[in-house]
Amino acid sequence: MTLWLAVIGMAIVTYALRASFLLLPENTQLPSLVRRALRYVPPAVLTAIWAPELLLRDGALALSLGNVRLLAGAVAIVAAWRFRLTYLTIAAGMLALHLLAAGNAAAAEAPQKVIAIEGVTEYRLDNGLRVLTVPDPGADTVTVHVTYLVGSRQEGYGEKGMAHLLEHLMFRGSPLHRDLKREFAARGARWNGTTAYDRTNYFETMPASEANLDWALGMEADRMVNSFIAKADLDSEMTVVRNEFEMGENDPGAVLFQRTLQLAYAWHNYGHPVIGARSDIENVPIARLQAFYRTWYQPDNALLIVGGRFDPARALELVQKTFAPIPRPARALPSLYTEEPTQDGARTVTLRRAGEAPMVSALYRIPAGSDPDYPALDVLVNVLGSTPSGRLHRALVKKGLANYTWGFERALHDPGFASFGAGLPKDASVDAARDALLAELEGIARHPVRAEEVRRAKTELLNDFDKAERDTRALVRALAEFAAIGDWRLFYLYRDRLREVTVADVQRVALAYLKPANRVLGVFLPTRHPHRAQIPPPP
């Protein structure tokens, strides 16, 4: 920029000063240093320091004030003005503007290495963002995966389904990326977002290139704090989410599972479906959704994973460029303290609605996914629920009592659950299937777990870990899931614990958790015309 351009630029911003300050909200809280500057420092000086960033960051003055280099530039400008050094004032203003254009990333420290485990390296930015690099030189793609540690567990009263709604709105654009789906398509990206109890994920996998990686990181940084989250988009996406909700309501198995979960968790949010409640989905105010976004979608509550073919050093530079300008939020994350009390007796729910065939199920609460006993529970669920070698399949399907059986567990941040069940023929005896199911689940004291069952289950489960470690995209997903449980390093700790599981461990956890007092029994009885009591709304 020539001296004449600098002079013209300074003149323009001088005349525009008063208008630019009108951009500040009336209730803006300003530090005393800023107030004195606004009162005593000439318009051109202040504009040179703050105006560009005010416009870019929606009034976030704290960004400039927290930047040592920008403060140094401000001091230089004020000093030059004080002693009437006009050309020096212009030069100092140009320096300050240059520093502003470079952004806070230039002033922040480089990402700090935290730990490296088996080719996965963690770094941390000054703003709290955690970054994992998972390089795979043999891959032909690069994946950018962002996990926010917020899901349905963090929703409040009247907010059931908010985390999932927000996931949908995150694809409706931001100031720098107004048509995300078109941009994804232009880069040949495979992309998606998913919401669960403890986290929300966003990812895109693209042909490996620095340009694609730079674009994806910039896009994720922009929508982390600048997504529109607009009322018009909420009105549109609400109908999409409501359709998803209604699909679940038309699935008797899904409804039965949710009813048993509600009985198992009377207080904790795990008892509520991730998809939410119809009334909350339809009526949640946009202001509450925006507040939820501003609270949880921040760098100190996120994990960024870059996997595939890329240069790790260059990737970190791009991460620094795109994410470091986002300031660490001043707010403290809300503390969640609700604990589900120990269940004090067997519970039962009977579901009657339209459907083809009956089902029986049993759900048991189990420890959190980070608990040292969880790998043994994983093995136990496999011993019981796998097909066709599992005990439930042999006891119900092979004997004609059921068409199919299932067994699965959910490793969660807080104590989770294991669910088992069977789908029956239309004319089958529900009582016989229920009794056979419970006899297998709660009869391990009479029929102990065998060594060959444990060996088979461990082999199958460890094969899943081996496959994930050989497929970068699968590994990235797995690391994100374990991060939501408590720490991405649990992936490796869990694998190592799984290798050490013994027959005695599996027997012990079976006797500890698969007991009647910890059970919720669910029964679905197809009913063509169910009789229900419709409760009217308050007058």
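Everything that follows concerns the structure shown earlier in this document.
Rules used in this analysis
- Residues numbered from 1 in each chain as written.
- Predicted model: local features only at pLDDT ≥ 70, side-chain atom pairs only at ≥ 80, totals over all residues.
- Heavy atoms only, no water.
- Helix = DSSP H or I, 4+ residues; strand = E, 2+ residues; numbered from the N terminus.
- Buried < 20%, exposed > 50% of the residue type's maximum accessible area, 1.4 Å probe, protein only.
- Contact = heavy atoms within 4.5 Å.
- Areas by Shrake-Rupley, 256 points an atom, 1.4 Å probe, with all protein chains shown as cover.
- Pairing = 2+ DSSP bridges.
- Axes fitted to C-alpha atoms, helices over the stretch in contact; angles between N-to-C directions.
- Core = buried A, V, L, I, M, F, W, Y, C linked by side-chain atoms within 4.5 Å.
- Salt bridge = Lys/Arg side-chain N within 4 Å of Asp/Glu carboxyl O.

A. View of the overall build of the protein. A tally of helices and strands in the protein yields 23 helices and 12 strands. Taken over 539 residues, the protein has a buried fraction of 50%. When contacts within the protein are restricted to residue pairs at least 6 apart in sequence, long-range pairs at least 24 apart make up 79% of them. Total accessible area on the protein is roughly 25,900 Å²; 56% of this is exposed by carbon and sulfur atoms.

B. The arrangement of the sheet that holds strand β12 (residues 519–526) in detail. Pairing within the open sheet is mixed, and its five strands lie in the order β8-β12-β9-β11-β10. Strands at the two margins of the open sheet, each flanked by one partner only, are β8 (347–353) and β10 (404–410). Across the sheet, the mean angle from the axis of one strand to that of its neighbour is 15°, orientation sign disregarded. In this sheet, strand β11 (residues 417–423) lies alongside β10 in antiparallel orientation, the contact comprising seven bridges. From the neighbouring strand, T405 faces β11, where its bridge partner is A422.

C. Structural detail: unusual backbone geometry. Put simply, T387 and P388 share a cis peptide bond, and its omega is 5°. Within the secondary structure layout, P388 lies in the loop between α17 (374–385) and α18 (391–397). Of note, E118 is a non-glycine position whose phi angle comes to about 50°, a positive value. Note that E118 resides in the loop between β1 (112–117) and β2 (120–124). On the accessibility criterion, E118 (52% relative accessible area) is exposed. Phi angles above zero are rare outside glycine, and I229 is one such case at about 45°. Along the polypeptide, I229 turns up in the loop between α11 (210–226) and α12 (231–249).

D. A look at the nonpolar core. V379, L380, L396, F420, L479 and F491 are the most contacted members of the largest nonpolar core, which has 62 residues in total. It is helix α21 (residues 472–485) that contributes the most residues to this core, nine residues altogether. Filtering out sequence-adjacent residues up to four positions away, L396 remains in contact with L401, A402, T405, A422, A433, A436 and L437. By size, the runner-up hydrophobic cluster in this structure holds 52 residues, among which are M170, M206, A315 and L318.

E. Structural detail: the environment of V120. With respect to the helices, strands and loops of the structure, V120 is situated in strand β2. Its relative accessible area of 1% is what places V120 among the buried residues. C-alpha separation for the pair V120 and T133, spaced 13 residues apart in sequence, amounts to 5.8 Å. When near neighbours in sequence (up to four residues on either side) are disregarded, V120 contacts I115, L132, T133, V134, L475, L479, W488 and Y492.

F. Highlighting the pattern of salt bridges. Per the stated rule, a full pass over the model turns up 37 salt bridges. Between R456 and E460 there is a salt bridge, with the nearest N and O atoms lying 3.6 Å from each other. Separated by four residues within a single helix, R456 and E460 lie in helix α20 (residues 451–470), roughly one turn from each other. For D496, the salt bridge goes to R499, with nearest N and O atoms at 3.2 Å. Taken together, the residues D496 and R499, both in helix α22 (residues 490–499) and three residues apart, mark about one turn of the helix. The partly exposed category is assigned to D496, whose relative accessible area is 33%. Among the charged side chains, a network of salt bridges with common partners joins E118, E469, R495, D496 and R499.

G. Quick peek at the pairing of strand β6 (residues 200–207). Extensive coverage of β6 is indicated by the burial of six of its eight residues. Of the strand pairs in this sheet, strand β4 (residues 141–148) and β6 are connected by eight bridges, and their pairing is antiparallel. Its bridge partner being in β6, V146 is matched across the sheet by Y202. As paired strands, strand β5 (residues 190–195) and β6 are joined by six bridges and run antiparallel to one another. Of the residues in β6, the one forming a bridge with W191 is E204. Linkage of β5 to β6, two consecutive antiparallel strands, is achieved through a turn of four residues.

H. View of the sheet that holds β6. With mixed pairing, the seven strands of this open sheet are ordered in space as β1-β2-β3-β7-β4-β6-β5. On the outer flanks of this sheet lie β1 and β5, each paired with one strand and no other. On average, each strand axis in the sheet is tilted by 15° relative to the strand beside it, whichever way the strands run. As defined by bridge partners, β2 adjoins strand β3 (residues 130–135) across four bridges and the pair is classed as antiparallel. Bridge pairing links Y123 to V131 in β3. Against the sheet, α11 engages β4, β6 and β7 (302–308), with an angle of about 160° to β6.

I. Fine view of the side chain of T121. Within the secondary structure layout, T121 lies in strand β2. Taking relative accessible area as the criterion, T121 reaches 13% and is therefore assigned buried. Leaving out residues up to four positions away in the same chain, T121 has contacts with K113, I115, A116, V131, L132 and T133.

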